[in-house]
Amino acid sequence: MLKEERHRIILNEVALHNRVLLTDISEVLNVSVDTVRRDVIKLDADKLLRKVHGGAVSLGYSNTNVQNKEIYAIAKKTRIAEKACKLLKNGSVILIHGGTTCLELARTIPVNLSLTCFTLSLPVAMELCKKPKLEVVLLGGTMAKESQIASGGHAIHNLSKVRVDYGFIGTGYVDAVYGLTEFDWESVQVKMAIVQAAKNPVLLTISEKLNSQNRYKTCELKDISTMITELEPSDARLDDFRKAGIKIM
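Residues numbered from 1 in each chain as written. Predicted model: local features only at pLDDT ≥ 70, side-chain atom pairs only at ≥ 80, totals over all residues. Heavy atoms only, no water.

(A) Examining the pairing of strand E11 (residues 179-182) more closely. Both strand E10 (residues 173-175) and E11 contribute to a ladder of three bridges, which runs antiparallel. When the sheet's bridge partners are listed, Tyr173 is paired in E11 with Thr181. Of the pairings in the sheet, the one linking E11 to strand E13 (residues 216-219) comprises three bridges and is antiparallel in character. Following the sheet pairing, Thr181 is matched in E13 by Lys217. (Pairing = 2+ DSSP bridges. Helix = DSSP H or I, 4+ residues; strand = E, 2+ residues; numbered from the N terminus.)

(B) Summary view of the nonpolar core. In terms of nonpolar packing, the biggest core is built from 32 residues, with Leu120, Leu159, Leu180 and Met227 touching the most fellow members. Ranked by residues supplied to this core, first place goes to helix H9 (residues 185-197) with four residues. Non-local contacts of Leu159, meaning those with residues more than four positions away in its chain, are made with Leu95, Leu120, Leu139, Val190, Ala193, Ile194 and Ala197. Grouped together as the second largest cluster of nonpolar side chains are 27 residues, Leu16, Leu105, Leu134 and Leu204 included. (Core = buried A, V, L, I, M, F, W, Y, C linked by side-chain atoms within 4.5 Å. Buried < 20%, exposed > 50% of the residue type's maximum accessible area, 1.4 Å probe, protein only. Contact = heavy atoms within 4.5 Å.)

(C) Spatial organisation of the sheet that holds strand E14 (residues 226-228). Overall, parallel pairing links the seven strands, which are arranged E6-E5-E4-E9-E12-E14-E15 in an open sheet. The open sheet terminates on both sides in strands that have one partner only, identified here as strand E6 (134-138) and strand E15 (247-248). Pairing analysis gives four bridges linking strand E4 (residues 93-96) to strand E5 (residues 115-119), with the strands arranged parallel. By the bridge assignment for E5, Val93 is matched with Thr116. Here helix H5 (residues 74-85) sits on the sheet in contact with strand E9 (164-169), strand E12 (198-204) and E14, set at roughly 145 degrees to E14. (Axes fitted to C-alpha atoms, helices over the stretch in contact; angles between N-to-C directions.)

(D) The packing of aromatic side chains, seen in detail. Taken as a whole, this structure holds two aromatic pairs when the rule is applied. Each ring, one from Tyr166 and one from Phe168, has its centre 6.1 Å from the other, and the planes form 25 degrees; the classification is stacked. Look at Tyr166 and you get buried, because its relative accessible area is 18%. Judged by its relative accessible area of 0%, Phe168 falls in the buried class. Each ring, one from Trp185 and one from Tyr216, has its centre 5.3 Å from the other, and the planes form 70 degrees; the classification is edge-to-face. With Trp185 in helix H9 and Tyr216 in strand E13, this pair connects stretches of sequence that are 31 residues apart. Of the residues examined, Tyr216 reaches a relative accessible area of 31% and is grouped as partly exposed. (Phe/Tyr/Trp six-rings, centres within 6.5 Å; stacked < 30°, edge-to-face > 60°.)

(E) View of unusual backbone geometry. Not every positive phi belongs to a glycine, and Asn18 is a case in point at roughly 70 degrees. Take Asn18: it is sitting in the loop between helix H1 (3-17) and strand E1 (19-21). With phi around 60 degrees, Lys47 is a residue other than glycine that occupies positive phi space. One can find Lys47 in the loop between helix H3 (33-45) and strand E2 (50-52).

(F) Molecular detail of the side chain of Ser92. Residue placement: Ser92 occurs in the loop between H5 and E4. Reaching out from Ser92, the side chain makes a polar contact with the backbone oxygen of Lys89 at a distance of 2.9 Å. (Polar contact = N/O pair within 3.5 Å; in protein donor to acceptor, adjacent residues only side chain to side chain.)

(G) Structural detail: the side chain of Ser147. Residue position: Ser147 is located in the loop between strand E7 (142-143) and strand E8 (150-151). At 3.4 Å, the side chain of Ser147 and the backbone nitrogen of Ile149 are in polar contact.

(H) Expanded view of H3. Look at H3: 18 Å from first C-alpha to last across 13 residues, which is about the 18 Å you get at 1.5 Å a residue. Those residues of H3 that fall on the buried side of the exposure criterion are Thr35, Val36, Asp39, Val40 and Leu43. Looking straight down H3, one finds that the buried residues subtend no more than 135 degrees of arc, so they occupy a single side. Facing away from the buried side of H3 by over 90 degrees, the exposed positions are Arg38 and Ala45. In this structure, the buried residues of H3 make contact with H1, helix H2 (22-29), E2 and strand E3 (55-57). At the exit of H3 stands Lys47, carrying a positive phi of roughly 60 degrees. (Expected span 1.5 Å × (residues − 1). Arc of directions from axis to C-beta.)

(I) Inspection of the packing of H5 against helix H6 (residues 100-108) at higher detail. Two elements in contact, H5 and H6, have axes whose closest approach is 8 Å; the angle formed by their N-to-C orientations is 55 degrees. Relative to H6, H5 is oriented oblique. Crossing hand, H5 versus H6: right-handed. In contact with Ile74, Lys77, Thr78, Ile80, Ala81, Glu82, Ala84 and Cys85 of H5, H6 contributes Thr100, Thr101, Glu104, Leu105 and Thr108. Taken together, the residues of the contact of H5 with H6 sort by class into six nonpolar, four polar and three charged. (Parallel < 35°, antiparallel > 145°, perpendicular 65-115°, else oblique. Left-handed = near helix turned anticlockwise from the far one by under 90°. Nonpolar A, V, L, I, M, F, W, Y, C, P; charged D, E, K, R; others polar.)

So, in structure tokens, the structure goes:
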């Protein structure tokens, strides 16, 4: 495989999943980890992604000042956010995790809605604070420097004390059989706690992540009450998910 083709695949994987491991990319490309590391160093130098220990993150994920046009599949994520807002009513108590799709939800919430919003994400909290009728509660924990999302035992303990109407999460990978999965164990623990804290856990995901899986399971698909994609609910690509018994928007 030519270097240019490897770079294209790496950039696509990073854009799609926000953060990837060098070991995972080496399996996708069928090359050594050292080769992937050199590729990532070059792409970092070209300011096309950001190299982190053991992997890489997208610029849209690691830089809160990035413009919307630089965020992967922003039109699809905006459509997902618009659908998610239809669930919200005055007086609702919600919890929004983090990542680019959750951040788009925070941006999309109408200014005339009165809500109580919990979040573990500093960028999401800052966006929510722009809405005058929202009460914003930032749950503490160990702050990840790339994503600026709180995790760890303190965050999970805080989540155990919360009960919300809707808990909005993204995912790295989702499959109708294997459920929601991630490569990062810390992220899984936090998302599991969000699912448990919500009367209605809601998955926000672009359709490119459908039928994919990774190492660690966040939850079974049946543990999610609603899945929102940019697709029409009747789209054939959602048939297996619809058969699993969750609401599709």
